[in-house]
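Now for the letters of each chain:
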Amino acid sequence: MRGLLVGRFQPFHLGHRAVVREIAAERSGASLLLAIGSAEESFTWKNPFTAGERFEMIDRALEGTDGGPFHIVPVADIRRHAQWVHYLESLLPEFDRVYTNNPLTRLLFERAGYTVVRPRLIERRRFEGEHVRRCLAADRGWKPLVPRSVAEFLETIEAPARLSMLRSRDSGKAPQETP
């Protein structure tokens, strides 16, 4: 059976890779779905990268990783929490276990009867999307936070300049929390 890891991966960093490796080791070769949440969102401070860019980051970072197969699936939000799990069930192949640290995502899947596992987070302050985005915006100290292949990709799309612009443009906006 398959596991499901839900995240926005903005950007995919070493903390994400560690979680994927831990899940892969636990599942002993069973496939893992990586659902790229908020796939319709891009070019904002909270969601600076497109679904395609996030797919590319994950694909590059997991290339050659033992424990696959890995399947990357962009998933747009429907903004209806009561229907969200059913929506994912209609989009994705069957899965038996969900991996998330997002409290709302955990609640929704538990209510739908799924086993939900909270992956162990490593160095949470260091490997947190918001922190990585701040480092990218300052173009300082971000490369050690992401896999080398992701750093190379972020450079090709000029991510530091994009994040700097987005941080200036979006400063002061209230964050939104969606699964």
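Please refer to the structure higher up on the page.
Residues numbered from 1 in each chain as written. Predicted model: local features only at pLDDT ≥ 70, side-chain atom pairs only at ≥ 80, totals over all residues. Heavy atoms only, no water.

A. Highlighting the overall build of the protein. Along its length, the protein carries seven helices and five strands. Shown N-terminal to C-terminal, the secondary structure of the protein runs as helices and strands in the order β-α-β-α-β-α-β-α-β-α-α-α. Referenced to the eigenvectors of the C-alpha coordinate spread, the extents of the protein come out at roughly 40 × 35 × 25 Å. A buried classification covers 47% of the 179 residues belonging to the protein. Taken as a whole, the protein presents about 9100 Å² of accessible surface, with 48% of it coming from carbon and sulfur. (Helix = DSSP H or I, 4+ residues; strand = E, 2+ residues; numbered from the N terminus. Buried < 20%, exposed > 50% of the residue type's maximum accessible area, 1.4 Å probe, protein only. Areas by Shrake-Rupley, 256 points an atom, 1.4 Å probe, with all protein chains shown as cover.)

B. Summary view of the packing of helix H2 (residues 51-62) against helix H6 (residues 148-156). Packing of H2 against H6 leaves a shortest axis separation of 8 Å and a crossing angle of 150°. Between H2 and H6, the crossing angle belongs to the class labelled roughly antiparallel. Crossing of H2 against H6: the hand is right-handed. Note on element contacts: H6 touches H2 through Ser149, Val150, Phe153 and Leu154, opposite Glu53, Glu56, Met57, Arg60 and Ala61. Broken down by class, the residue content of the contact of H2 with H6 amounts to five nonpolar, one polar and three charged. (Axes fitted to C-alpha atoms, helices over the stretch in contact; angles between N-to-C directions. Parallel < 35°, antiparallel > 145°, perpendicular 65-115°, else oblique. Left-handed = near helix turned anticlockwise from the far one by under 90°. Contact = heavy atoms within 4.5 Å. Nonpolar A, V, L, I, M, F, W, Y, C, P; charged D, E, K, R; others polar.)

C. Quick peek at the packing of aromatic side chains. One pass over the structure, following the stated rule, counts five aromatic pairs. Taking the centre distance of 5.6 Å and the plane angle of 70° together, the rings of tryptophan 84 and phenylalanine 109 count as edge-to-face. Here tryptophan 84, found in helix H3 (residues 81-91), pairs with phenylalanine 109, found in helix H4 (residues 103-111); they are 25 residues apart in sequence, far enough to count as distant. Both rings, one in phenylalanine 95 and one in phenylalanine 109, keep their centres 6.1 Å apart while their planes meet at 75°; by these two values the pair is edge-to-face. Residue phenylalanine 95 is located in the loop between H3 and strand S4 (97-99), and its partner phenylalanine 109 is located in helix H4; the two are separated by 14 residues in the primary sequence. (Phe/Tyr/Trp six-rings, centres within 6.5 Å; stacked < 30°, edge-to-face > 60°.)

D. Highlighting H3. By the burial criterion, the buried members of H3 are Trp84, Val85, Tyr87 and Leu88. Angularly, the buried residues of H3 cover 160° about the axis, an arc narrow enough to put them on a single face. The outward face of H3, more than 90 degrees from its buried face, is lined by the exposed residues Ala82, His86 and Ser90. Among the structural elements, strand S1 (3-7) and H4 are those in contact with the buried residues of H3. (Arc of directions from axis to C-beta.)

E. Spatial organisation of the sheet that holds S4. Overall, parallel pairing links the five strands, which are arranged S3-S2-S1-S4-S5 in an open sheet. Of all strands in the sheet, those bounded by a partner on one side alone are strand S3 (70-74) and strand S5 (115-117). Strand-to-strand twist of the sheet, defined as the mean angle between neighbouring strand axes without regard to direction, takes the value 25°. Pairing between strand S2 (residues 32-36) and S3: five bridges, direction parallel. What sits directly across from leucine 34, in S3, is isoleucine 72. Sheet strands in contact with helix H1 (residues 14-27) are S1, S2, S3 and S4, and its direction is about 155° off that of S4. (Pairing = 2+ DSSP bridges.)

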